[in-house]
Amino acid sequence: MQAPTLLISKELPSLNYTYAPDRFDETWEAPLSTLLGLGRAAGADLIEFFLERVNYISCMAEDDAITSISPRLSTGAGVRVFRGKADCYVSTNDLSFNGLKAALEKGLSIMGLQLPSANAFIPEIHLELLRDYATKKSKEAWLGNCSSMREMGDVLLSANGQLAQQATHVQSRRAVYFRDWQEVLVASSDGTFARDIRLTQSVGYSLLCADGENRSSINKRVGSTSDPNFLRTWKYSTDAREVAESAAKMLYAEYVESGSYPIVMANEFGGVIFHEACGHLLETTQIERKTTPFAEKKGEKIAHENLTAWDEGITSDAFGTIDMDDEGMPAQRTLLIENGILKNFISDRAGSMRTGHPRTGSGRRQGFTFAAASRMRNTYIAPGTFSIDELFNSIEKGIYCKKMGGGSVGPTGQFNFAVDEAYLIENGKITKPLKGATLIGEATEIMDKISMCSNDLGLAAGFCGSVSGSVYVTVGQPHIKVDSITVGGR
Amino acid sequence: MSNITEIASYAQSTAQKLGIKKFDIYGSTVDETSVQVDQGEPQQMKASNRSGVTVRVWNGDHLVGVTSTTDVDPIGLELALKTAQEASAFGVKDNVPDFSPEATATIAPTHGGASDRIPQADVSKLLETLVDAEKQLLAAHPAIAGVPYNGLAQRAIDRFYLNSDGAMRHEAHSYASLYLYTKTEEEGRKPRSAGAFRVGTGLEKLDIDGCLKEAAEKTISHLNYEKVKTGKYRVVFSPEAFLSLLGAFSNLYNAQSILDKQSLSTPDSLNCAIASPLLSVCDDALHPDNVGAETFDGEGTPTRRVPLITNGILTSFLHSAGTAKRMNTEPTGNASMGAKVTVSPNFFHVFPGEAATEDYSLDTADNVILIDDLSALHAGVQALQGSFSLPFDGWLIKDGKRISIESATVAGDIREVLNSIIYVEKELEFTGSGVAPRVWVNELSVTGE
């Protein structure tokens, strides 16, 4: 039996790879294997290619007209070169063999490496059989089954009409939809070879009401990651009613009086408190930067004993659900905190390499121009044993934060987030609407103050911006009580 | 990326093949490298070469469709034109966008910021520079334990606009930027953080020493911190903080927002007082300090200096070609091409308006809060309501001395802020998004303890 002949570097120009131009499939194995081998021959410890194709469209209705239909088509690739504990990332629009080779060469040169000499052997990289989640889970037809441009317009106009009927003192009303179809292929020199198709959609309202000097603006958005019929089945009447009611209540709301209060935070998007105050600080990216107070706390108590929290990518159709992460690893369910004890961190490949915490299928990125980083997926506080009434009845004077806005966390663990819809709690009862509240605190202090969790876990779609761009996530929680928190107001 | 002549040629021939008579294209290509370091070692290095174009197509019924793509070869452009043509069937029927009447107007020579490209430095040079900067910052004070957020980047940009009426604009520029954000560790003290940012036309033009000095001085000034009592305070906004607020509430002078009723202003607000007469603001893309100034916008309209607030009076809005036509005025060079053309400021220039009757100085101030940096504007600004409630970094000034504030928020209404300005200092400072002096506001709510 004759041993297979290794490729020699000088033979590269004569290679004539043919691979599918409009689909990432098995035909990409040969060129990518060669390029991965080339990178290894140059001295890199590990090479990873990420290929991406995007077909995105957004549509907006303003009052009674469609004012924007905006398609975007994009293809590109990124190559990541690891050497020791350092890495570099090069991205390009050029998916030809020579384009990818040029990106690799650039990455190698940044790492102080060169393509091998003309007579150098190029090691074979044996990729696994293509792990094709798109085919396995019948995702190929998703794009074709989504709503057409005409359908998008029709649904949004009907929805916006419904909002006009439900709301009062309307200054402007918008219904906005987007569909983000993404095909990705990951190949790396450790043998990873995986493909997926993702279909992320979101639709929602933005309502501005005004009466003299009084104004209120309320947004609501829902999302899906696996249903081509999502827009067709949007229950916009229910959402229109909810948005209209919230806007009406907040129109004449008083500004919140600043101070320190006990609060009850609603379920679903209320989970942004955990996302900002703790979730980001459990990403290995933060350990690498030394910007998390929890770096050395694994196995220790970092939160109230009534608090358990998860980060996972597997809940059906949730906004942060992924079959594999952007490094080709299947998604997992990761227990972050159990009864107050820190159990795990959220880790990507580089984070695992630099911190020692095992990968959790959390290497995510906005697109091919970003290197993957440890990012949250569906992150939520688990349901507890208290009833909602018990939470409210434990408060003499406090604030009910019903609808949260966005937030952020800084390098010292200080977090903040805005409250879009709030109410005063007096003697366990909701009394009047309040506006203008911002909650601020320190992660290490607040986690021990989440003392009561009810049993009504709810999830909500969100967007998270960080080092690897904006990714789709779920935040969630049951109603929770925070014993005290600083509320910025007037 | 294909060059602009090739793109124009592809577009022309493909449009002809598809029966498209009227179209325009805005595009750009970006060549970028950046580095981050950690304790003297490279942490991550990035390089990117990417391009993208947006095409607009008018169909036989004069309705417009738009598509963006990163594929600028003939096949990609054809697909984009086809998709835009399909989208045009659902284009707006009222106020249909058109070419800018100024898309072929002569562009005046500028100060040299535009069309200036400085050769890109090697990645090794970027690394060497950043490692050295990190080292110097770590040595500036024993409490500085790390520089967790740092980055040195350089970017070369080519951008162009062309249309089927023969307009063709192209320019190239480059810039480099540096940010350094520290974190401190002291026994028994909370970690503190501060930083600085600089931008220049290239690595050699970057004020690295200034960035280091500012980051170190700010960090040291925050080591001794105290809680501030909740209450009403006289507040001084740093140039960066004031420009952040102006940017967050730019719907005040954004004609598209006003026409969409997504603004605190109405068409009738023009020539009305919206601020203290002590304040004047221009949007000035061509300001000499604007690194990487762009001489035309996404519709090919030349950029210019636009007086927005003159001695407290709202004197102009920012316009696209479409909003200018609807409001019977000239476009201002603030448009970005898209399915819906958007309008945004280019570069703020804030300066004193009418002469103040009284001068103020931080050297003699007492019980005044100096806000250095506002955080979380994406969350704490209710742009359509005019209100804000924002965490900030800053100092309480007591008898002219600065005491760092541990953790606090400032809240108010932008209209009240503008109207309660009591002093606009004379000394201007350049930030990434504009030039401005410190601005004194009579009273705002601050929440501390």
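About the cut-offs
Residues numbered from 1 in each chain as written. Chains lettered and ligands numbered in written order. Predicted model: local features only at pLDDT ≥ 70, side-chain atom pairs only at ≥ 80, totals over all residues. Heavy atoms only, no water. Helix = DSSP H or I, 4+ residues; strand = E, 2+ residues; numbered from the N terminus. Buried < 20%, exposed > 50% of the residue type's maximum accessible area, 1.4 Å probe, protein only. Polar contact = N/O pair within 3.5 Å; in protein donor to acceptor, adjacent residues only side chain to side chain. Contact = heavy atoms within 4.5 Å. Phe/Tyr/Trp six-rings, centres within 6.5 Å; stacked < 30°, edge-to-face > 60°. Lys NZ or Arg CZ within 6 Å of the ring centre and 35° of its normal. Pairing = 2+ DSSP bridges. Domains from an automatic or database assignment. Buried area = accessible area lost by both parts, 1.4 Å probe. Salt bridge = Lys/Arg side-chain N within 4 Å of Asp/Glu carboxyl O. Nonpolar A, V, L, I, M, F, W, Y, C, P; charged D, E, K, R; others polar. UniProt positions renumbered as here; feature names shortened; annotations may be inferred. Axes fitted to C-alpha atoms, helices over the stretch in contact; angles between N-to-C directions. Parallel < 35°, antiparallel > 145°, perpendicular 65-115°, else oblique. Left-handed = near helix turned anticlockwise from the far one by under 90°.

Caption draft 1: Expanded view of the side chain of S48(B). With respect to the secondary-structure elements, S48(B) resides in strand 2 (residues 41-58). Among the residues examined, S48(B) registers a relative accessible area of 7% and is labelled buried. Of note is the side chain of S48(B), whose polar atom sits 2.8 Å from the side chain of R50(B). Those residues in contact with S48(B) that sit more than four places away from it in its chain are S91(A), V30(B), D31(B) and E32(B).

Caption draft 2: Examining the packing of aromatic side chains more closely. Tallying each qualifying case throughout the model produces 22 aromatic pairs over all chains. Relative to W234(A), the ring of Y205(A) lies with its centre 5.2 Å away and its plane at 45°, an arrangement referred to as tilted. You can see Y205(A) sitting in strand 8 (residues 193-211) and its partner W234(A) sitting in the loop between strand 9 (214-224) and helix 6 (236-251), a full 29 residues away along the chain. In this structure, Y205(A) and W234(A) share a single accessibility class: buried. Three or more aromatic residues joined by ring pairs form one cluster here, namely Y56(A), F178(A), F319(A), F463(A) and Y472(A). A cation sits over an aromatic face here: R189(B) above Y225(B), 4.4 Å from the ring centre.

Caption draft 3: Structural context of the sheet that holds strand 24 (residues 469-477) of chain A. Residues and elements named next belong to chain A. On the basis of which strands lie adjacent, the open sheet formed by six strands has the order 14-13-12-17-24-23 and mixed pairing. Pairing within the sheet leaves two strands with one partner each, and these edge strands are strand 14 (341-342) and strand 23 (458-466). Of the strand pairs in this sheet, strand 23 and strand 24 are connected by nine bridges, and their pairing is antiparallel. Across the sheet, C464 pairs through a bridge with V471, a residue of strand 24.

Caption draft 4: Expanded view of the domain arrangement of chain B. Residues and elements named next belong to chain B. In terms of domain boundaries, chain B breaks down into domain 1 (1-125 + 145-179) and domain 2 (224-449). Using only C-alpha atoms to locate each centre, domain 1 and domain 2 end up separated by 29 Å. At the interface, 26 residues of domain 1 touch 25 residues of domain 2. In this assembly, domain 1 packs against domain 2 so that about 2,100 Å² is buried in total across both faces, 63% of it on carbon and sulfur atoms. For the interface between domain 1 and domain 2, the tally reads three salt bridges. Across the contact surface, domain 1 and domain 2 share seven residue pairs in polar contact (both at pLDDT 80 or more). Among the secondary structure elements, those contributing two or more residues to the side of domain 1 that touches domain 2 are strand 1 (22-38), strand 2, strand 4 (144-163) and strand 5 (168-184). Among the elements that line the side of domain 1 that touches domain 2, the one with the most residues is strand 5, at five residues. Split into classes, the residues belonging to the side of domain 1 that touches domain 2 amount to eleven nonpolar, eight polar and seven charged.

Caption draft 5: Examining the UniProt feature "domain: Metalloprotease TldD/E central" (unreviewed entry) in chain B more closely. Look at the UniProt record and you will see "domain: Metalloprotease TldD/E central" (unreviewed entry) annotated at residues 118-223 of chain B. Across residues 118-223 of chain B, helical content stands at 29% and strand content at 41%; the span's end C-alpha atoms are separated by 39 Å.

Caption draft 6: Focus on the pairing of strand 18 (residues 397-409) of chain A. All names here are of chain A. The pairing of strand 11 (residues 259-265) with strand 18 spans three bridges and is parallel. By the bridge assignment for strand 18, M265 is matched with C401. The sheet contact formed by strand 18 and strand 19 (residues 414-426) spans ten bridges and is antiparallel. Within strand 19, the position partnered with K403 by the bridge is E421. Counting the residues that bridge the hairpin from strand 18 to strand 19 gives four residues, and of these G413 lies at a positive phi of roughly 90°.

Caption draft 7: Geometry of helix 5 (residues 239-248) of chain B. Of all ten residues that make up helix 5 of chain B, seven are buried, and the element is covered over most of its length. Within helix 5 of chain B the residues assigned to the buried category are P239(B), A241(B), F242(B), L243(B), S244(B), L245(B) and L246(B).

Caption draft 8: Broad picture of the interface of chain B and chain A. Of the residues lining the interface, 63 residues belong to chain B; the matching set on chain A comes to 66 residues. Both faces considered, chain B and chain A share a buried interface measuring about 5,400 Å² in area, 50% of it formed by carbon and sulfur atoms. Between R174(A) and D260(B) there is a salt bridge whose closest N-O contact spans 3.5 Å. Per-element tally for the side of chain B that touches chain A: the top contributor is strand 2 of chain B, with ten residues. Class assignment for the residues of the side of chain B that touches chain A results in 20 nonpolar, 29 polar and 14 charged. Here strand 4 (residues 86-92) of chain A runs beside strand 2 of chain B; their pairing, made up of six bridges, is parallel. When the sheet's bridge partners are listed, V90(A) is paired in strand 2 of chain B with A47(B).

Caption draft 9: Region of interest: the UniProt feature "domain: Metalloprotease TldD/E central" (unreviewed entry) in chain A. Within this structure's numbering, the places UniProt gives as "domain: Metalloprotease TldD/E central" (unreviewed entry) are residues 158-251 of chain A. The span residues 158-251 of chain A is 27% helical and 52% strand by assignment, and the distance between its end C-alpha atoms comes to 25 Å.

Caption draft 10: Quick peek at the packing of helix 3 (residues 123-139) of chain B against helix 4 (residues 208-221) of chain B. All names here are of chain B. Between helix 3 and helix 4, the shortest axis-to-axis distance is 10 Å and the interhelical angle comes to 30°. Compared by their axis directions, helix 3 and helix 4 come out roughly parallel. Crossing geometry of helix 3 relative to helix 4 is assigned as right-handed. Side by side, helix 3 and helix 4 meet where T129, A133, Q136 and L137 of the first sit next to I208, L212, A215 and A216 of the second.

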